[in-house]
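# Remarks on the overall topology
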Amino acid sequence: MSNMTAAVLREHGDRNKIQLEQIPIPEPGPGEVRLRVRACALNWLDVGVRRGPKFGTIPLPLIGGGDIAGTIDALGPGVAGWETGDEVLVYPLVTCGTCEFCRRGEPTTCPDHQIIGEHIDGGLAEYTVVPAENLLPKPANLSFTEAAAIPVVFMTAWHMLVRVGKLQAGERALILGAGGGVASAGIQIAHHAGAHVFTTTSTPEKMTLARELGADEVFNYREEDWVASVLEVTNGRGTDLVQDNVGAVTWPAALKTLARNGRLVTCGSHSGAEVEIGIGQIYHRQLSILGSNGGTYQDLASALQLIGEGHLHPVVDTVLPLEEIRDGHHLMEEHGHFGKVVIEIQ
Ligand SMILES: [Zn+2]
């Protein structure tokens, strides 16, 4: 047993660029563990990595997939506190640990940070190697598939709402695009924080699912002027915080919904990254536009604790075998899903 099946990207482009190959099983180095991957969820990042980087470069060939759950298969030299057979999930950021940002406990702004599945081989393979310090124990009440649906979206939404957005109980939070993974996590986190939660989505079925996650008001952006609806249900006051990873399509409208001293927190721009907005509203209503980039290990651990206690739930839409990885990318690009697309690896 020296080879494994892996989904390998050798050049950027459409989803047919992802090829299943037989390649050598990786060996863990000092401080690393090898995992027998059991499940790996897809993210928008996987689509972006496949298409090609907006900035910088991505080392190819690459095995994608940063949302990993599996069983420890081998320990590298110097690893303590973990044993083979432990069931784990993986924090997907690898940071330098020595820069001023890392020393301040802000790994998301480490200029040298790397993301598993973008800069380092990820979990779309039978085996992968990760730093032991990136491991978290899998809650016993979750399957590997559910566990793989957690890291990226829950750490991202936690970082946006709690750490950057400083969401308070009683505030009004608008979470855009309920069907997306970050939004389905954000709705739950905001609800658990005691906020009054608004969200937007595109079909009656998704509206029902969003309410089940804890959204108080759900607007169908295909059928109504959701800005007017938000202002109407808040008696013209608006929202205190908007969580946005949609980008150019939603920013101008999202800003209009913000109350005085409101905050727009952004973590992505998959609908487009260039936008024209009126500056006057920013100072007149004292709005804040806040960037959020991924999340910290502690953000993920905080969300995971609430998941283990049953307060928050990973949302899995579709489960596919590794052989159907291209179909998974297609689903991501079609926006037909609600929650995560997870690849199971048998
Ligand atoms: Zn650093």
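Residues numbered from 1 in each chain as written. Predicted model: local features only at pLDDT ≥ 70, side-chain atom pairs only at ≥ 80, totals over all residues.

### Concerning the pairing of strand β14 (residues 239-244)
Along β14, six of the six residues are buried, which leaves the element largely enclosed by surrounding structure. Direction of pairing for strand β11 (residues 172-175) relative to β14: parallel, over a ladder of three bridges. Counterpart to A173 in the pairing with β14 is L241. You can see the chain leave β14, run along helix α8 (residues 251-257) and come back into strand β15 (residues 258-266), and the turn it takes is right-handed. (Buried ≥ 20, exposed ≤ 12 C-beta atoms within 10 Å, placed from the backbone. Helix = DSSP H or I, 4+ residues; strand = E, 2+ residues; numbered from the N terminus. Pairing = 2+ DSSP bridges. Right-handed = clockwise from strand over helix to strand, strands pointing away.)

### What about the domain arrangement of the protein chain?
When cut into domains, the protein chain gives domain 1 (3-150 + 314-344) and domain 2 (155-291). Computed from C-alpha atoms alone, the centre-to-centre distance between domain 1 and domain 2 is 28 Å. Taken residue by residue, the interface counts nine residues in domain 1 and eight residues in domain 2. Classifying every residue of the side of domain 1 that touches domain 2 by side-chain character gives three nonpolar, five polar and one charged. (Domains from an automatic or database assignment. Contact = placed C-beta atoms within 7 Å. Nonpolar A, V, L, I, M, F, W, Y, C, P; charged D, E, K, R; others polar.)

### Overview of the pairing of strand β5 (residues 67-75)
For strand β3 (residues 32-41) and β5, the ladder comprises eight bridges, and the chain directions are antiparallel. Bridge pairing links A41 to D67 in β5. Where β5 and strand β6 (residues 87-90) come together, three bridges link them in antiparallel fashion. Residue pairing for β6: A69 is matched across the bridge by L89.

### Details of the nonpolar core
Core analysis: the biggest nonpolar cluster contains 92 residues, and A148 and A173 have the highest contact counts within it. Considering each element in turn, this core owes the most residues, nine residues, to helix α4 (residues 151-164). In terms of domain composition, this core takes at least three residues from each of domain 1 (3-150 + 314-344) and domain 2 (155-291). Not counting residues up to four positions away in its chain, the partners in contact with A173 are L161, L167, A190, A195, V197, F198, T239, D240, L241 and Q243. (Core = buried A, V, L, I, M, F, W, Y, C linked by C-beta atoms within 7 Å.)

### A closer look at the sheet that holds strand β16 (residues 288-291)
The strands making up a sheet associate through hydrogen bonds between their backbones, and the pairing can be parallel or antiparallel. Strand order across the open sheet formed by six strands is β13-β12-β11-β14-β15-β16, with parallel pairing between neighbours. Pairing within the sheet leaves two strands with one partner each, and these edge strands are β13 (217-220) and β16. Direction aside, the axes of adjacent strands within the sheet are offset by 20° on average. Relative to β16, β15 is paired through four bridges, and the arrangement is parallel. Residue pairing for β16: T266 is matched across the bridge by G291. Across the sheet, helix α7 (residues 226-233) is in contact with β11, β12 (196-201), β13 and β14; its angle to β13 comes to roughly 155°. (Axes fitted to C-alpha atoms, helices over the stretch in contact; angles between N-to-C directions.)

### Topic: the sheet that holds strand β1 (residues 3-9)
The strand order across the open sheet built from three strands is β2-β1-β4, with neighbouring strands paired in antiparallel fashion. Edge strands, defined here as strands with exactly one partner in the open sheet, are β2 (18-24) and β4 (62-63). Across two bridges, the pairing between β1 and β4 is antiparallel. By the bridge assignment for β4, V8 is matched with I63.

### Thoughts on helix α10 (residues 297-308)
Taking 1.5 Å as the rise per residue, α10 with twelve residues should run 16 Å; its terminal C-alpha atoms sit 16 Å apart, in good agreement. Looking only at α10, the buried set comprises D299, L300, A303, L304 and I307. The buried residues of α10 occupy one face: seen down the axis, they fall within an arc of 130°. On its buried face, α10 sits against β10 (135-137), α4 and α5 (181-192). (Expected span 1.5 Å × (residues − 1). Arc of directions from axis to C-beta.)

### Topic: unusual backbone geometry
Following L60, the chain continues to P61 via a peptide bond in cis, the omega torsion being 0°. As for its position among the elements, P61 is in the loop between α1 (44-51) and β4. Even without being a glycine, N261 presents a positive backbone phi close to 65°. With respect to the helices and strands, N261 occurs in strand β15. One non-glycine residue, Q286, lies in the positive phi region at around 55°. Within the secondary structure, Q286 sits in the loop between α9 (279-284) and β16.

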